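# Commentary on secondary and tertiary structure
If you want the building blocks of each chain, they are given just below.
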Amino acid sequence: AAGLMRDAPALLPAGDSVARLTVLDFGLFDVGPGRRIIGIPGFLIETRSGARILVDTGFPPSYATDPEGTAARDGLPRFGRLVDYSARQTAEGQLALLDLAPRDIALTILTHGHIDHVGSLPLFAHAPIVLTRTERADPQPCYFFEKRPMDWPDAPYVLIGGDTGLCTGLTLLPTPGHTAGHLSVLIELPGTGPVILTGDAINRPSEPDEGYPDARDPALAAQSGDRLLALRDRTGAMLIYGHCPVQWQTLRKAPEFYG
């Protein structure tokens, strides 16, 4: 496809390193009766050179203006409903809390193509989008069950096939299973130390014992989950789960940050 790069170019200045991590609050989602209300996270990574890197983009912004119509298009009521998603919880709204706009993002990392991660991706098509080659091989983002209302934006794509360092303190880790091309992120912060953004490779602490029931390939998801947990144990990293309702309440969120 046009714009695809087989090998990741130098996306950040030589010698750059991670300076801070901001957790973005992309709203709350009720996953159904008797289950739980989960947070929808995104992340902003800032480097010493001033580069701003977005990890995931939340739900489509139209859920803030036309929630019923958008949910009907997507078939979302079969799974749950957004219970806290205003203009403030969109990708644009969360960046505004930091006095930033989409144009200030130099690079977007996409963990995978589901609706709550890919929804605002078109706002960031001016800059490279990094994801696994496997995930981008889908003709459209996998989005939500059989629904595919969204095309891949016309953007420069950087496709990776293995562990990839973008700068000092920022490593991308393919963690397939939840989707075929899922990606997780390892960060080394100057004060906080190592942080693992699992994405949906591990949604909650109980998921490994549950056998990864939400994964497209549970056996492969278990291998990826084991890898991340071993990495946590080896490095002492803080592990941020994809959608843990208990942990979500404890995380610092924009405009606060981890440094």
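Residues numbered from 1 in each chain as written. Predicted model: local features only at pLDDT ≥ 70, side-chain atom pairs only at ≥ 80, totals over all residues. Heavy atoms only, no water.

## Some points on the environment of Ser-86
Counted only if it meets this: Secondary structure follows DSSP: runs of H or I at least 4 residues long count as helices, runs of E at least 2 residues long count as strands, and numbering of each begins at the N terminus. Here a polar contact is recorded for every N or O atom pair within 3.5 Å, except that within protein the pair must consist of a potential hydrogen donor and a potential acceptor, and residues adjacent in sequence are included only if both atoms are side-chain atoms.
Structurally, Ser-86 is set in the loop between strand E5 (81-84) and helix H3 (91-96). Separated by 122 residues in sequence, Ser-86 and Pro-208 place their C-alpha atoms 33 Å apart. Within polar-contact distance, the side chain of Ser-86 engages the side chain of Gln-89 at 2.7 Å.

## Focus: the packing of aromatic side chains
We count it as follows: Between rings of Phe, Tyr and Trp, where Trp is taken as its six-membered ring, a pair exists when centres lie within 6.5 Å; planes separated by under 30 degrees are stacked, by over 60 edge-to-face, and by other angles tilted. For each residue, the accessible area found with a 1.4 Å probe, counting protein chains only, is set against the maximum for its type, and the residue is called buried under 20%, exposed over 50%, and partly exposed in between. Here, a charge over a ring is recorded when the distance from Lys NZ or Arg CZ to the ring centre is within 6 Å and its angle to the ring normal is within 35 degrees.
Counting across every chain of the model gives seven aromatic pairs. Both rings, one in Phe-79 and one in Phe-144, keep their centres 6.3 Å apart while their planes meet at 65°; by these two values the pair is edge-to-face. Linking Phe-79 in the loop between helix H2 (67-74) and E5 with Phe-144 in the loop between helix H5 (133-136) and strand E8 (157-160), this pair joins segments that are 65 residues apart in sequence. Measuring from centroid to centroid gives 6.1 Å for Trp-152 and Tyr-157, while their planes differ by 85°, and the two rings are edge-to-face. Exposure class is identical for Trp-152 and Tyr-157. Each is buried. Above the plane of the ring of Tyr-157 lies Arg-136, whose end atom (NZ or CZ) is 4.4 Å from the centre. The positively charged end of Lys-253 is found above the aromatic ring belonging to Trp-248, 4.6 Å away from the centroid.

## Quick look at the pattern of salt bridges
Heads up, the rule is: By definition, a salt bridge exists where a carboxyl oxygen of Asp or Glu is found within 4 Å of a side-chain nitrogen of Lys or Arg.
According to the stated counting rule, one finds seven salt bridges in the structure shown. Here Arg-204 ties to Glu-210 by a salt bridge, and the two come within 2.8 Å at their closest N and O atoms. One salt-bridge network, in which partners are shared between bridges, spans Arg-204, Glu-210 and Asp-214.

## Notes on the nonpolar core
Note that soluble globular proteins tend to have their nonpolar side chains buried in a common cluster. Keep this limit in mind: The nonpolar core is taken to be a set of buried Ala, Val, Leu, Ile, Met, Phe, Trp, Tyr and Cys residues, with the residues joined through side-chain atoms within 4.5 Å. Two residues form a contact once any of their heavy atoms are found within 4.5 Å.
In this structure, Phe-29, Phe-59, Tyr-63 and Leu-76 are the most contacted members of the largest nonpolar core, which totals 34 residues. Contributing elements (two or more residues each) for this core: strand E2 (18-30), strand E3 (37-47), H3, helix H4 (115-118), strand E7 (129-132) and E8. Setting aside residues up to four positions removed in sequence, Phe-29 forms contacts with Arg-36, Ile-37, Ile-38, Ile-40, Phe-59, Leu-76, Phe-79, Gly-80, Arg-81, Leu-82 and Val-83. Counting residues in hydrophobic clusters, the runner-up holds 28 residues, among them Ile-53, Leu-170, Val-185 and Trp-248.

## Focus on the confidence of the model for the chain
Heads up, the rule is: The pLDDT value expresses, per residue, how confident the predictor is, ranging between 0 and 100.
In this model, the chain carries a mean pLDDT of 94, and residues with pLDDT of at least 70 account for 95%. Counting contacts from residues 1-8, a segment whose pLDDT is below 50, to residues more than four positions away or on other chains yields 14 contacts.

## Regarding helix H7 (residues 218-235)
It helps to recall that an α-helix has 3.6 residues per turn; residues three or four apart then point in one direction. Put simply, the rule is: By this rule, a helix spans an expected 1.5 Å times one less than how many residues it contains. Regarding the arc, it is the one traced by the directions from the helix axis to the C-beta atoms.
Taking 1.5 Å of rise per residue, the 18 residues of H7 would be expected to cover 26 Å, and the 25 Å separating its terminal C-alpha atoms lies within 8% of that figure. Considered for burial, the residues of H7 that qualify are Ala-221, Ser-224, Gly-225, Leu-228, Leu-229 and Leu-231. Along the axis of H7, the buried positions cluster into a sector of 155°, meaning they face one direction only. Along H7, exposed side chains directed more than 90 degrees from the buried face belong to Ala-219, Gln-223, Asp-233 and Arg-234.

## Remarks on the environment of Pro-128
When you line up the elements, Pro-128 lands in the loop between H4 and E7. Put simply, Pro-128 and Tyr-157 are 29 residues apart on the chain and 5.5 Å apart in space, counted from C-alpha to C-alpha. Once residues lying within four places of it in the same chain are set aside, the contact partners of Pro-128 are Leu-11, Ala-106, Leu-107, Thr-108, Pro-156 and Val-158.

## Let's talk about H2
Buried within H2 are the following residues: Thr-70, Ala-71 and Asp-74. Buried residues of H2, viewed axially, fall in a sector of 100°; they line one side. Exposed and oriented more than 90 degrees from the buried face of H2 are Glu-68 and Ala-72. In the stretch just after H2, Gly-75 is the one whose phi turns positive, near 75°.

## Here we look at the side chain of Gln-247
Here Gln-247 is to be found in helix H8 (residues 245-250). When residues no more than four places from it in sequence are discounted, the contact partners of Gln-247 are Leu-239, Ile-240 and Tyr-241.

## As for the pairing of strand E12 (residues 193-197)
Within a regular strand, the side chains alternate between the two sheet faces. Note the threshold: In this scheme, strands are said to pair when DSSP sees at least two bridges between them.
Within E12, five of the five residues are buried, leaving the element largely enclosed by the surrounding structure. As defined by bridge partners, strand E11 (residues 183-189) adjoins E12 across five bridges and the pair is classed as antiparallel. In the strand pairing of E12, Val-185 is matched with Leu-197. In this antiparallel pair of consecutive strands, E11 and E12, the connection spans three residues.

## Some points on the pairing of strand E9 (residues 164-167)
Direction of pairing for E9 relative to strand E10 (residues 170-174): antiparallel, over a ladder of three bridges. What sits directly across from Thr-164, in E10, is Leu-172.

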